[in-house]
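# Report on the structure
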Amino acid sequence: MCGIVGVVGSKNAKNILLNGLHKLEYRGYDSAGIMISSEEGMYVTKTAGRVAELEALVSDREDNGTGIGHTRWATHGEPTENNAHPHLSKSGRYGLVHNGVIENFEWLRETYLSDVKLNGDTDSEIIVEVVDYFSKQGLSTLAAFTKMLQEVKGSYALALIDVTDDSKIYLAKNKSPLLVGLADGYNLVGSDAMAMINETDRFVEIMDGEKIVLTANEMVILNQDNQEITRDFYVAEIDANDTEKGLYPHYMLKEIDEQPAVMRTLVQEYVTPNGESTIDSDIIEEMAKSDRIYIVGCGTSWHAGLVGQKMIEKLTNIPVEVHLASEMGYDMPILSKNPFFIFLTQSGETADSRQVLVKINELNLPTLTITNVKGSTLSREATYTLLLHAGPEIAVASTKAYTSQITVMLFLAKALGEKLGQQKAKELDVVHELGIVASAMESLVADKDHYAALSEKFLLDSRNAFYIGRGLDYAVSLEGALKLKEISYIQAEGFAAGELKHGTIALIEDGTPVVALISNEEMGSHTRGNIKEVESRGAKTLVVALEGLEKETDDIVLPHVHQLVTPLVTVIPLQLLAYYASLQRDLDVDKPRNLAKSVTVE
Ligand code: F6R
């Protein structure tokens, strides 16, 4: 989704902004722009293309130290140069970048801008004109900005520059992420820490409804009542080197390869050398009181939730429901007497999930966010947080965050099950089992040529593909299909293997690829029957089986791991198949079309 970066007071403003925009590319975007102060005034450069194209267009005039930049993911209006941010007001006085969606833009236009001819079709252009309007009524810039915020309805993260005074940037947010970065002698703003990580590791959160006046040496925070408040910075754990691709051709491949190391990190984070859980005992006590656990997420996180559901139910005996946030936000199920909510979100900023969290908070119920981003909105607003410790995930298609989510839920299930005296939980040696998983992952990712060849054989000429499995394999089938479709654009669907014959089998014809997962003996034997059914209708099948359950003709044999953690290894070949399918089609693996890494609008 859209990204913001800004800097005030640095001699290197242009490079900071361009680097920041490069770092924000992973969020997904379709146009980009920057506005920088110079001796001759502000200059704005925009493109309906990539940041690299913007870089080539930016003038090499000496800059004056202040600027704002933006990557846009179109919501209102096409991805054109005109609609790209920053937007300069008609008078030339104000420049603004905006993330989010302004709901009452038509009312604002009719009420304040009936005689202004706008350049483009964005809601964002309207708000910069509204600031200009109030300023022309005689208000100071801060007062005009404040008045605009009082009039606006919707979600926003905003950075505004008054061209007549480039020593300040004005900031505000509501429901869209925005963070201030503190550097030595200059300050920054960004929609996430990644945009500023080359400059600083000290960040200050901005809360909904606040306004900030940012200068080179000061950050003035004004609350909703316009009173000045103070807030400490926190130090981010991100290592700038983690955000580089190194020798890898794509972030996705790097992130797939990092999974064994992430498993080991998680063991260190969640288990003491004596084998005790490090999870805050308040979380476990609160969960132990619950009669039902609700897991909420979107996309890959929802898929991880489906795996977590089975782990938690098996190890704790507490019933678990998994909900799509975009559905639950508008259609709340009947809740149990003592519910406990887990929000799964790698970014911690997903608008759909946040909408549910806001509603659950209104009910005063206990919530836990499991996220990769410390200090993210869903982390701040939930009762508790557990971190994924996966390191930055840059590729839009999630890989290591998915396996980390599953692993954190395993630690949680184990600790909760033990607390509840469940024998299965007591017997499960997670450290040992995850050690085996990490080694299995290592051997799988080492076999890349095999997946490249399988992808060429099964997927290169395909327009569609099906993924089937039962139980945990069904949950992973959904994830495997999502990975393939989002980066290769092959229409791929995951199915419970037994469901095929109830309709979908009508789509199977000569050469249709069907990927079948077998990691459980009993359910796998039934999936074998489903494989025969599709093969006899012409499907070409690619069978992934756990060691011990394999047949000679199977294409991928997974090293043996504990039944409960099979998704952590079954998914690896599917991630690699998707990666090579995208590569072999010459597509942008890390930045697939129409998608965003951090989905901050509904
Ligand atoms: C797909 C993917 C998405 C996200 C979804 C939720 O590879 O990454 O499906 O899982 O947009 O995002 P988070 O986890 O940040 O809430």
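Residues numbered from 1 in each chain as written. Predicted model: local features only at pLDDT ≥ 70, side-chain atom pairs only at ≥ 80, totals over all residues. Heavy atoms only, no water.

Our focus in this paragraph is the side chain of S38. You can see S38 is positioned in strand β2 (residues 31-38). Beyond its immediate sequence surroundings of up to four residues, S38 is in contact with Y43, R61, E62 and N64. (Helix = DSSP H or I, 4+ residues; strand = E, 2+ residues; numbered from the N terminus. Contact = heavy atoms within 4.5 Å.)

Here the focus is helix α8 (residues 281-288). Buried within α8 are the following residues: I283, I284 and M287. With its buried residues spanning 95° around the axis, α8 presents them on a single face. Among the structural elements, β16 (292-297), β18 (339-344), β19 (367-371), β20 (384-387) and α13 (400-419) are those in contact with the buried residues of α8. The backbone nitrogen of D282 has a side-chain oxygen 3.0 Å away, supplied by the residue at the start of α8, namely D280. (Buried < 20%, exposed > 50% of the residue type's maximum accessible area, 1.4 Å probe, protein only. Arc of directions from axis to C-beta. Polar contact = N/O pair within 3.5 Å; in protein donor to acceptor, adjacent residues only side chain to side chain.)

Turning to the site of the ligand, a few remarks are in order. Taken together, 14 residues are adjacent to the ligand, and S301, T345, S347, T350 and E486 come closest. Within the side chain of T345, an N or O atom sits 2.7 Å from an oxygen atom of the ligand. Within the contact set of the ligand, an oxygen atom lies 2.5 Å away from a side-chain nitrogen or oxygen of T350. Computed on the free molecule, the ligand has an accessible area of 410 Å², of which 92% lies beneath the protein chains in the complex. Going through the elements one at a time, α9 (299-316) and α17 (472-488) are the ones with two or more residues in the shell around the ligand. Residue contributions to the shell around the ligand peak at three residues, all from α9. Residue classes in the shell around the ligand are distributed as four nonpolar, eight polar and two charged. (Near = heavy atom within 4 Å. Areas by Shrake-Rupley, 256 points an atom, 1.4 Å probe, with all protein chains shown as cover. Nonpolar A, V, L, I, M, F, W, Y, C, P; charged D, E, K, R; others polar.)

Taken together, the five strands give an open sheet; going across it, the order is β17-β16-β18-β19-β20, and neighbouring strands pair in parallel fashion. The sheet is open, and its two borders are formed by β17 (320-324) and β20, each paired with just one other strand. Within the sheet, the average angular offset between the axes of one strand and its neighbour, ignoring direction, is 20°. Note that β19 and β20 share four bridges and pair parallel. Bridging from a neighbouring strand, L368 pairs with Y384 of β20. Strand contacts of α13: β16, β18, β19 and β20, with the helix running at about 140° to β19, the strand carrying the most contacts. (Pairing = 2+ DSSP bridges. Axes fitted to C-alpha atoms, helices over the stretch in contact; angles between N-to-C directions.)

Turning to the pattern of salt bridges, a few remarks are in order. Throughout the structure, instances matching the rule amount to 21 salt bridges. The residue E210 makes a salt bridge to R231 at a minimum N-O spacing of 2.5 Å. Taken together, the residues span a long stretch of sequence, with E210 in the loop between β11 (202-205) and β12 (211-214) and R231 in the loop between β14 (228-229) and β15 (234-235) at a distance of 21 residues. R231 sits in the partly exposed class, given a relative accessible area of 26%. For R354, the salt bridge is made with E381, and the minimal N-O distance between the two is 2.6 Å. Of this pair, R354 sits in helix α11 (residues 351-362) while E381 is found in helix α12 (residues 377-381), placing the two residues 27 residues apart along the sequence. For E381, a relative accessible area of 24% translates into the label partly exposed. Each of K173, D208, R354 and E381 takes part in one network of salt bridges that share partners. (Salt bridge = Lys/Arg side-chain N within 4 Å of Asp/Glu carboxyl O.)

Our focus in this paragraph is the sheet that holds strand β21 (residues 464-469). Reading across from one edge, β22-β21-β23-β24-β25 is the order of the five strands in this open sheet, with parallel pairing throughout. The sheet is open, and its two edges are formed by β22 (491-496) and β25 (556-558), each paired on a single side. Averaged over all adjacent pairs, the angle separating strand axes in this sheet is 15°, with direction ignored. Here six bridges tie β21 to β22, and the two strands are oriented parallel to one another. Residue pairing across strands places I468 opposite F495, the latter belonging to β22. Where helix α16 (residues 448-459) meets the sheet, it contacts β21, β23 (513-518), β24 (540-546) and β25, and its direction lies at approximately 150° from that of β24.

Here we come to the environment of Y26. Looking at where Y26 falls in the secondary structure, it is placed in the loop between α1 (13-24) and β2. Distance in space between the C-alpha atoms of Y26 and N317 is 39 Å, their sequence separation being 291 residues. When residues no more than four places from it in sequence are discounted, the contact partners of Y26 are D192, M194, E393, I394, V396 and K597.

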